[in-house]
Amino acid sequence: VGQSSVIEKSKELVNKNLFGVKKFDFVVNDGATDFCSQVNKAVFSCTTPYFSILEYDDTYYPYWNKVAQEYAKVESASLVLPIVELKKGDKTTFGNEIVWSPSFTQDEKKTLGIVNESALELFMDFNVTGALIRTEDFISVGGLKPSMKIAAWYEFLLRACYNSLKVYVAPKIGYVHEVGREGSYMETATKEISQEEGAWLIKTAQQEYFFKEDRNKKFGED
């Protein structure tokens, strides 16, 4: 998905058969090209039961698609998140694994492997890129909200849980995410968004997830 000029360049690369992939679908988006709008545009053009988002420089483990679809069926989950390897240079940590910690899920409102509203009250940094997401369910709750910027995935998870969608973290490493890459979305957003706006976005996400539509709240306009 991208602007016309980007899509044309992409088609040139695909025609050179550089990737060994059998089929590409291209979606032209000459409207808003922020991360959330790009994702929404692509998903609304998606004809498969599930989709996943692969960030630049990131990789899937070869088995992840098959494993994730199995968990989606067994757990009746709308979102199946992998345990994520977070790589920064030669250092590796992990993401999403917190819901498998007995100390985190020790009260009756939290269950091993499940991301719910109770879990999101305590922890908000779940990595959703790399997840297997049911297309119909993503669309039914309204997709991502561009106005939420770096808090968009957090607000989406809150909204998904509020609308009774099951969010499950598979006990399997399935995705490798590069952290701190110069020019990446998070690095750019961190430089452009002040601490005050960042705190406001989190607070606003906790208020806006009751609404499926993006009400376009703006920092400083309250």
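Since the structure is predicted, the reported quantities are computational estimates derived from the model, not experimental observations.

Participant: For this particular structure, what's the right way to read the packing of aromatic side chains?
Facilitator: Each aromatic ring pair is described using two quantities: the centre-to-centre distance and the angle formed by the ring planes. For the structure on display, the rule yields 14 aromatic pairs. Where Trp100 meets Tyr168, the ring centres are 6.2 Å apart and the plane angle is 80 degrees; that geometry is what we call edge-to-face. With Trp100 in the loop between β4 (91-95) and β5 (114-115) and Tyr168 in strand β7 (residues 167-178), the pair connects residues that are 68 residues apart, well separated along the chain. Since its relative accessible area comes to 29%, Trp100 is described here as partly exposed. Members of the aromatic cluster, connected to one another through ring pairs, are Phe35, Phe51, Phe138, Trp153 and Phe156. Over the ring of Tyr63 we find Lys172, and its NZ or CZ is 4.9 Å from the ring centre.

Participant: Looking at this model, I keep getting lost on helix α2 (residues 35-43). Mind explaining?
Facilitator: Residues spaced three or four apart along an α-helix point in a common direction, a consequence of the helix completing one turn every 3.6 residues. Listed as buried for α2 are Cys36, Ser37, Gln38, Val39, Asn40 and Val43. Those residues of α2 that are buried are in contact with β1 (50-51), α5 (135-140) and α6 (152-162).

Participant: When you look at helix α1 (residues 4-15) in this model, what are you seeing that I'm missing?
Facilitator: An ideal rise of 1.5 Å per residue puts 16 Å on 12 residues; α1 measures up with 17 Å between its terminal C-alpha atoms. Just downstream of α1, Asn17 is the residue with a positive phi angle, here 55 degrees.

Participant: So what exactly am I meant to see when it comes to the packing of α6 against helix α8 (residues 195-208) here?
Facilitator: Between two packed helices, what matters for the description is the angle formed by their axes and the separation of those axes. Running from N to C, α6 and α8 point in directions that differ by 20 degrees, and their axes come no closer than 9 Å. Taken as axis vectors, α6 and α8 run roughly parallel relative to one another. For α6 against α8, the interelement crossing comes out right-handed. Residues Tyr154, Glu155 and Leu158 of α6 pack against Ile202, Ala205, Gln206 and Glu208 of α8. The residue makeup of the contact of α6 with α8, split by class, is four nonpolar, one polar and two charged.

Participant: It is not clear to me how the environment of Asp125 should be interpreted in this structure. Could you clarify?
Facilitator: Considering the arrangement of structural elements, one finds Asp125 in the loop between α4 (117-122) and β6 (132-134). A relative accessible area of 60% places Asp125 in the exposed class.

Rules behind the numbers
Residues numbered from 1 in each chain as written. Predicted model: local features only at pLDDT ≥ 70, side-chain atom pairs only at ≥ 80, totals over all residues. Heavy atoms only, no water. Phe/Tyr/Trp six-rings, centres within 6.5 Å; stacked < 30°, edge-to-face > 60°. Helix = DSSP H or I, 4+ residues; strand = E, 2+ residues; numbered from the N terminus. Buried < 20%, exposed > 50% of the residue type's maximum accessible area, 1.4 Å probe, protein only. Lys NZ or Arg CZ within 6 Å of the ring centre and 35° of its normal. Contact = heavy atoms within 4.5 Å. Expected span 1.5 Å × (residues − 1). Axes fitted to C-alpha atoms, helices over the stretch in contact; angles between N-to-C directions. Parallel < 35°, antiparallel > 145°, perpendicular 65-115°, else oblique. Left-handed = near helix turned anticlockwise from the far one by under 90°. Nonpolar A, V, L, I, M, F, W, Y, C, P; charged D, E, K, R; others polar.

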